[in-house]
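Okay, here's what each chain looks like letter by letter:
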Amino acid sequence: MTTEEPAALELIGVQQVFNKGRVDEVHALRGIDVTLRRGEFVTVVGSNGAGKSTMVQAVAGSVRPTAGRVKMHGRDVTTWSDYKRAGLVARVFDDPRIGSAPELSIEDNLALAMSRGSRRTLRFAVSNRRRATMRDHLAQLGLGLENRLHDRVGMLSAGQRQSLTMIMAGMQQPQVLLLDEHLAALDPATAAKVLDLTSRIVRDMGCATLMVTHNMEHAIALGDRLLVMSRGSVIADIVGPQGMSPQDVIDVIVGAGGSVNDRSLLPESLRGEGE
Ligand SMILES: Nc1ncnc2c1ncn2[C@@H]1O[C@H](COP(=O)(O)OP(=O)(O)OP(=O)(O)O)[C@@H](O)[C@H]1O
């Protein structure tokens, strides 16, 4: 008898109600069931307010679901704080200023990333071996940051900083990587570079990855699976979306009863026709 490896990430009937019982009550997640295997790269699209960020937060532990369970490698982490999940989960935000400490040097930020999930200490930051590892990782970016280890991160451009955050996420060796519109603030050329880096880091790490994006082309190109969210539910789970056009995905969304109110998801010819 073979023992099957538990899923890297499981969301089981996850519900999230904000402002319960008030006039402004919001059902942000209405019973989400999603499973990711180790190494799986899942992209998530959906209209504004569909619940994408809330789902990411439920995985990160920054919101506690109203109902349902979150499991990582078979372990129930539903009640774990984001701090307690730090050794399992890495997250890259849409704002490049979040995710690294501006007052600290590149070296110290990387040292923190390496120690994340264990004791947070900078004591080993001066080890030559670790510094060489940092230089190797930074050199892959082709931005010359390997020669600026002692520069403060606050001096870096948005693209350099988001690239550094991706490297830091990789160094954490997480079981689950969360990318929450992490290219949104970057110009197209920089976004393309960070996207390429993302794809390399994800393949090297072999962790389960959830990437929320408003860019349908990115979602189609990168996802082993593409999830479509609408009004707090996953309305489509497309395996191997490569080869589909944005219009094909929109047809799936509409066919599943969803709508596209996010104009950036639409092909240019259809913009202006959303709800
Ligand atoms: N802390 C909160 N308190 C109250 N309502 C919230 C909170 N966070 C999110 N919401 C609401 O929950 C719903 C889902 O929001 P969420 O941010 O998850 O959507 P999203 O799909 O990420 O949207 P977008 O693409 O616009 O970022 C929205 O109606 C939002 O206003």
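Calculation criteria
- Residues numbered from 1 in each chain as written.
- Predicted model: local features only at pLDDT ≥ 70, side-chain atom pairs only at ≥ 80, totals over all residues.
- Near = placed C-beta within 6 Å.
- Helix = DSSP H or I, 4+ residues; strand = E, 2+ residues; numbered from the N terminus.
- Nonpolar A, V, L, I, M, F, W, Y, C, P; charged D, E, K, R; others polar.
- Core = buried A, V, L, I, M, F, W, Y, C linked by C-beta atoms within 7 Å.
- Buried ≥ 20, exposed ≤ 12 C-beta atoms within 10 Å, placed from the backbone.
- Contact = placed C-beta atoms within 7 Å.
- Arc of directions from axis to C-beta.
- Pairing = 2+ DSSP bridges.
- Axes fitted to C-alpha atoms, helices over the stretch in contact; angles between N-to-C directions.

Draft legend 1. Structural detail: the site of the ligand. Around the ligand sit Phe18, Asn19, Val26, Ala28, Gly46, Asn48, Gly49, Ala50, Gly51, Lys52, Ser53 and Thr54, and that is every residue in its neighbourhood. For the shell around the ligand, the elements supplying multiple residues, two or more each, are β2 (26-36) and α1 (52-60). In terms of residues, the shell around the ligand owes the most to one element, α1, which gives three residues. The residue inventory of the shell around the ligand, partitioned by class, reads four nonpolar, seven polar and one charged.

Draft legend 2. Here's a closer look at the nonpolar core. Counting residues in each nonpolar core, the largest one holds 70 residues, and the members touching the most others are Val59, Val176 and Leu178. With six residues, helix α4 (residues 158-171) is the largest single contributor of residues to this core. Not counting residues up to four positions away in its chain, the partners in contact with Val176 are Ala8, Leu9, Val59, Met72, Leu88, Val89, Cys207 and Ala208.

Draft legend 3. Focus on helix α7 (residues 246-255). Where α7 is concerned, the buried positions are Val249, Ile250 and Ile253. Down the axis of α7, the sector holding all buried residues measures 100°, keeping them to one side. Facing away from the buried side of α7, by more than 90 degrees, are the exposed residues Asp251 and Gly255. Residues of α7 that are buried in the fold lie against α6 (216-222), β9 (225-230) and β10 (233-239). Backbone geometry just downstream of α7 places Gly257 in the positive-phi region, at approximately 90°.

Draft legend 4. Representation of the sheet that holds strand β5 (residues 75-76) within the structure. Across the sheet, which stays open at both edges, the four strands sit in the order β2-β1-β4-β5 with antiparallel pairing between neighbours. The sheet is open, and its two edges are formed by β2 and β5, each paired on a single side. As defined by bridge partners, strand β1 (residues 9-18) adjoins strand β4 (residues 67-72) across four bridges and the pair is classed as antiparallel. What sits directly across from Gln15, in β4, is Ala67.

Draft legend 5. A look at the sheet that holds β9. The six strands are arranged β6-β7-β8-β3-β9-β10 in an open sheet whose pairing can be described as mixed. Of all strands in the sheet, those with a lone pairing partner are β6 (89-92) and β10, marking the two edges. Along the sheet, successive strands turn relative to each other by an average axial angle of 20°, direction set aside. Lying over the sheet, α7 contacts β9 and β10, oriented at roughly 140° with respect to β10.

Draft legend 6. How the structure looks around the environment of Met168. When you line up the elements, Met168 lands in helix α4. The spatial distance from the C-alpha of Met168 to the C-alpha of Ser127 is 17 Å, given a sequence separation of 41 residues. Discounting residues that sit within four places of it in the chain, Met168 has contacts with Ser100, Asn109, Leu110 and Ala113.

Keep in mind that these numbers describe shape and distance, not what the molecule does.
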